[in-house]
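# Coordinate analysis (summary)
Each chain, written out:
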Amino acid sequence: MPSFAGDPRFERLVAVLVPLLRRSCPPGGGVFGGSYELRLGVDEAEELGGVALIRSAMRQAGRALGWAKLQTFGGSFPQVAVAGVVDRREVPAEFAAAVEEYELQRGRAAAEVVGQTLEGGKPRAVPGSVLVMAQEFRVAYAEGVAG
């Protein structure tokens, strides 16, 4: 992956993503078990510097939180550009229960959303969903700082 150090778009993305990644971590789980996925319009992603730059910024933001073992993913498709990061560190025992419970809740919520989407035919804004993450990211990027 190319280096984007010194690129002002990269620096701004890292600054915006660090607090968003921190918020993706389970309550009571320290900064373990976090993940973040952005689904943006292809043109929107290109304006930000492209998927490669966004992925690199996600990797840097994760490292800023101590995510020494992480995974990034992404690609650009005809309708959407996708980029994400997942904390792959082993969760210490004192945080394991909180992280496991959070993952179970997210799984239940995702199944419920899929069921309701199939019923009603339109996506719902559920905390932690990729729809909400993209909205949060856009606001944070527009403001220049995520809080």
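Residues numbered from 1 in each chain as written. Predicted model: local features only at pLDDT ≥ 70, side-chain atom pairs only at ≥ 80, totals over all residues. Heavy atoms only, no water.

## Here we look at the sheet that holds strand E3 (residues 81-87)
Reading across the sheet, the three strands line up as E1-E3-E2 and stay open at both edges, with antiparallel pairing between neighbours. The sheet is open, and its two borders are formed by strand E1 (35-40) and strand E2 (70-76), each paired with just one other strand. Sheet twist, expressed as the average angle between the axes of neighbouring strands with direction ignored, equals 5°. Pairing of E2 with E3 involves seven bridges; the strand directions are antiparallel. Along E3, the bridge assignment pairs phenylalanine 73 with glycine 84. (Pairing = 2+ DSSP bridges. Helix = DSSP H or I, 4+ residues; strand = E, 2+ residues; numbered from the N terminus. Axes fitted to C-alpha atoms, helices over the stretch in contact; angles between N-to-C directions.)

## Thoughts on the nonpolar core
Counting 32 residues, the largest nonpolar core has Leu13, Leu17, Leu21, Tyr36, Ile54, Met58 and Phe137 as its most contacted members. At the level of secondary structure, the elements contributing two or more residues to this core comprise helix H1 (8-23), E1, helix H2 (42-48), helix H3 (51-64), E3 and helix H5 (130-143). (Core = buried A, V, L, I, M, F, W, Y, C linked by side-chain atoms within 4.5 Å. Buried < 20%, exposed > 50% of the residue type's maximum accessible area, 1.4 Å probe, protein only.)

## Some remarks on the side chain of serine 35
With respect to the helices, strands and loops of the structure, serine 35 is situated in strand E1. Within the local environment of serine 35, its side chain forms a polar contact with the side chain of arginine 106, the two groups lying 3.4 Å apart. Discounting chain neighbours no more than four positions away, the residues touching serine 35 are Ser24, Trp67, Val85, Val86, Arg106 and Met133. (Polar contact = N/O pair within 3.5 Å; in protein donor to acceptor, adjacent residues only side chain to side chain. Contact = heavy atoms within 4.5 Å.)

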